[in-house]
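Coordinate inspection notes
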Amino acid sequence: MSNDNRPSILIVDDEPLILDMVQEMLSIEGYNTILANSAEEALDLLDGGTKPSLIVSDINMPGMNGFDFYEEVQRRPSLNVLPFIFLSALYDQPIVSHGKELGVDDYLMKPFTREELLATIKGKLKRAEKISASYDEQVSSMKGKILQMLSHEFRTPLTTIIGFASVLSDESTHLSEEELKKFMELIKRGGDRLNNLVEDFLESSSIEVGEMQKLYDSTKQNFEIKYPIRDSIKFFNVEITQKNLQVASEIPEELPMVFGSSSQIMDVFKRIISNAVKFSNDNGKIEVVVKINPDTMELSVKDYGIGIPPEELPKIYDKFYQVKREKYEQQGSGLGLFIANKLALINKCVVECESSVNEYSLFKITLPLAKS
């Protein structure tokens, strides 16, 4: 019996009697069944476009065994979330433990009853449906947040650029030299904001495909850290001046060298300092402190701004995370701390944060000292 509205089950076993028996049990319930008498044949079916809802596989088969078959399925991104049940004629604790370590969903011991088979399959399919529904909900929510962020982050600077450019291109407009300079500065600021948004997306993608790891591997070395720290602070002089912020630094004159990719670590510093500037209140204060330990160096950046709610601290390094976007504008892409944390991990650094709402946020970066 075939029912296109019911899930399809891939059954893999070298025993024709087992294949026929399981097929009959499942067909009576209306399940669609796909049969393979070896792991190799099953892989050919899967690679050929067959997409079952669940896989039931024997362990002991000639050629590729069930464990190897499971690992091959896991290597295929489109298939590695499928529920997977092993059949075994012998309950051997080490074998069972090995399967559980691999991540197999369940075992059925031969001989098994029709009720046992159906209960196990129904339970795994129900769990897979819940996981899929939860995943779809998360993806939908994430898409909404991304679209909302992109709409704001692209439209705001584009409005500035197009608006002021249209004024400048109007022949009937007469501007003073001071007005012309101001308009050009605003257009540049809008362009810089768009450029930063694009750069964040490109860098995020480079991290996820492994390009930043390759860059670290090719550029890691011992280097002096004093100037990257100071240059990272100077990079935000305009924003610091606009908000009338006081930056107090405790950086020893003599600093030991550290190990890593200097460009990536400087990027981490800039993003942490940018975060402090962005969320500081006007006329506020930022403290930058460097502490030397026997094997590490600690760089801490503390601002006395809006702070982070305690329930949101675990999420601050998530992609596109933003603190109350609807209340605090000018937050950017929501990729700053995500990128900073990923680059820190690549460079064997640790980023930690503690915060209190409306009081302060303290980010501490621990770096490895230079290798001898």
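All residue numbers refer to positions counted from 1 along the written sequence of the respective chain. Only residues with pLDDT of at least 70 are given local features in this predicted model, and only at 80 or more are side-chain atom pairs given and counted; all residues enter the totals for whole chains, interfaces and linings. To obtain the side-chain values, all non-hydrogen atoms of the structure were used and water was disregarded.

**A closer look at the sheet that holds strand 7 (residues 246-250)**
Either a parallel or an antiparallel arrangement is found when strands of a sheet pair, and the pairing is made through backbone hydrogen bonds. Between any two strands, pairing holds if DSSP finds at least two bridges. By the criteria applied, helices consist of DSSP H or I runs no shorter than four residues and strands consist of E runs no shorter than two, each listed in order from the N terminus. As summarised here, the arrangement of the five strands in space is 7-9-10-12-11, forming an open sheet in which the pairing is mixed. Among the strands making up the open sheet, the edge pair consists of strand 7 and strand 11 (350-356). Recorded for the sheet is a direction-independent mean angle of 15 degrees between the axes of neighbouring strands. Pairing analysis gives eight bridges linking strand 10 (residues 296-303) to strand 12 (residues 360-368), with the strands arranged antiparallel. When the sheet's bridge partners are listed, lysine 302 is paired in strand 12 with leucine 362. A contact between two residues is defined here by any heavy atoms of the two lying within 4.5 Å. Each axis is a line fitted through C-alpha atoms, and for a helix only the stretch in contact is used; angles between axes span 0 to 180 degrees, taken between their N-to-C directions. Along the sheet face, helix 10 (residues 262-278) touches strand 9 (285-292), strand 10, strand 11 and strand 12 and points at about 170 degrees away from the line of strand 12.

**Points about the sheet that holds strand 2 (residues 32-36)**
Spatial ordering of the open sheet is given by 2-1-3-4-5, a layout of five strands whose pairing is parallel. With one partner strand each, in any of the chains shown, strand 2 and strand 5 (106-109) form the two edges of the open sheet. Strand-to-strand twist of the sheet, defined as the mean angle between neighbouring strand axes without regard to direction, takes the value 20 degrees. Pairing of strand 1 (residues 8-12) with strand 2 involves five bridges; the strand directions are parallel. Its bridge partner lying in strand 2, isoleucine 11 is registered against leucine 35. Sheet strands touched by helix 3 (residues 66-74): strand 1, strand 3 (54-58), strand 4 (84-88) and strand 5. Its angle to strand 4, the strand with the most contacts, is close to 170 degrees.

**Remarks on the side chain of arginine 271**
Here arginine 271 is to be found in helix 10. The definition of a polar contact used here is a pair of N or O atoms within 3.5 Å, where within protein one atom must be able to donate a hydrogen and the other to accept one, and adjacent residues in sequence count solely through side-chain atom pairs. Among the polar contacts listed, one links the side chain of arginine 271 to the side chain of aspartate 267, at a separation of 2.9 Å. In contact with arginine 271, not counting residues within four places along its chain, are Asp200, Glu203, Gly336, Ile339 and Ala340.

**Overview of the packing of helix 8 (residues 226-234) against helix 10**
Orientation of helix 8 relative to helix 10, taken along the N-to-C sense of each, is 40 degrees, at an axis distance of 9 Å. Viewed along their axes, helix 8 and helix 10 form a crossing whose handedness is right-handed. The segment helix 8 lies against helix 10, with Pro228, Ile229, Asp231, Ser232 and Ile233 engaging Met266, Phe269, Lys270 and Ile273. Residue composition of the contact of helix 8 with helix 10, by class: six nonpolar, one polar and two charged. Note on convention: the crossing is left-handed when the near helix lies turned anticlockwise from the far helix by less than a right angle, right-handed when the turn is clockwise. Here the term charged refers only to Asp, Glu, Lys and Arg, the term nonpolar to Ala, Val, Leu, Ile, Met, Phe, Trp, Tyr, Cys and Pro, and the term polar to all other amino acids, Gly among them.

**Some thoughts on the pairing of strand 1**
Most of strand 1 is tucked away: five of the five residues are buried. Whether a residue is buried, partly exposed or exposed follows from its accessible area with a 1.4 Å probe, protein chains only, as a fraction of its type maximum: under 20%, in between, or over 50%, in that order. Taking every second residue as pointing to the same face, both faces of strand 1 are buried, with Ser8, Leu10 and Val12 on one and Ile9 and Ile11 on the other. A right-handed crossover is one whose linking path, passing over the helix from the first strand to the second, runs clockwise when the strands point away from the viewer. For the segment spanning strand 1, helix 1 (residues 16-28) and strand 2, crossover handedness is right-handed. One ladder, built from four bridges, connects strand 1 with strand 3; its direction is parallel. Residue pairing in the sheet places isoleucine 9 in a bridge with leucine 54 of strand 3.

**Digging into the pattern of salt bridges**
Where charged atoms from two side chains of opposite charge come close, those side chains can pair. What counts as a salt bridge is simple: a side-chain nitrogen of Lys or Arg found within 4 Å of a carboxyl oxygen of Asp or Glu. Considering all chains together, one arrives at 15 salt bridges under this definition. Between lysine 319 and glutamate 208 there is a salt bridge; the shortest N-O distance is 2.5 Å. Highlighted residues: lysine 319 in the loop between strand 10 and helix 11 (336-346) and glutamate 208 in helix 6 (residues 177-208), separated in sequence by 111 residues. Judged by relative accessible area, glutamate 208 falls into the exposed class, the value being 51%. In this structure, a network of salt bridges that share partners links the residues Asp47, Glu72, Arg75 and Arg76.

**Notes on the packing of helix 2 (residues 39-47) against helix 3**
Remark: helix 2 packs on helix 3, axes separated minimally by 10 Å, with the N-to-C direction vectors making an angle of 15 degrees. Of the possible angle classes, the one that applies to helix 2 and helix 3 is roughly parallel. Between helix 2 and helix 3 the crossing geometry is right-handed. Two secondary-structure elements touch here, helix 2 through Ala39, Ala42, Leu43 and Leu46 and helix 3 through Phe69, Glu72 and Val73. For the contact of helix 2 with helix 3, the class distribution of residues is six nonpolar, no polar and one charged. Each angle gets one of four labels, with under 35 degrees taken as roughly parallel, over 145 as roughly antiparallel, 65 to 115 as roughly perpendicular, and the rest as oblique.

**Some thoughts on the packing of aromatic side chains**
Put simply, two rings from Phe, Tyr or Trp (the six-membered ring, in Trp's case) pair if the centres are within 6.5 Å, and we call them stacked under 30 degrees between planes, edge-to-face over 60, tilted for the rest. This structure, assessed with the given rule, holds six aromatic pairs. Here a set of aromatic residues connected by ring pairs shows up, and it is made of Phe67, Phe69, Tyr70, Phe84 and Phe86. Counting as a charge over the ring demands two things of the Lys NZ or Arg CZ atom: a distance within 6 Å of the ring centre and an angle within 35 degrees of the ring normal. Positioned above the aromatic ring of phenylalanine 235 is the side chain of lysine 270, whose terminal nitrogen or guanidinium carbon lies 4.0 Å from the ring centre.

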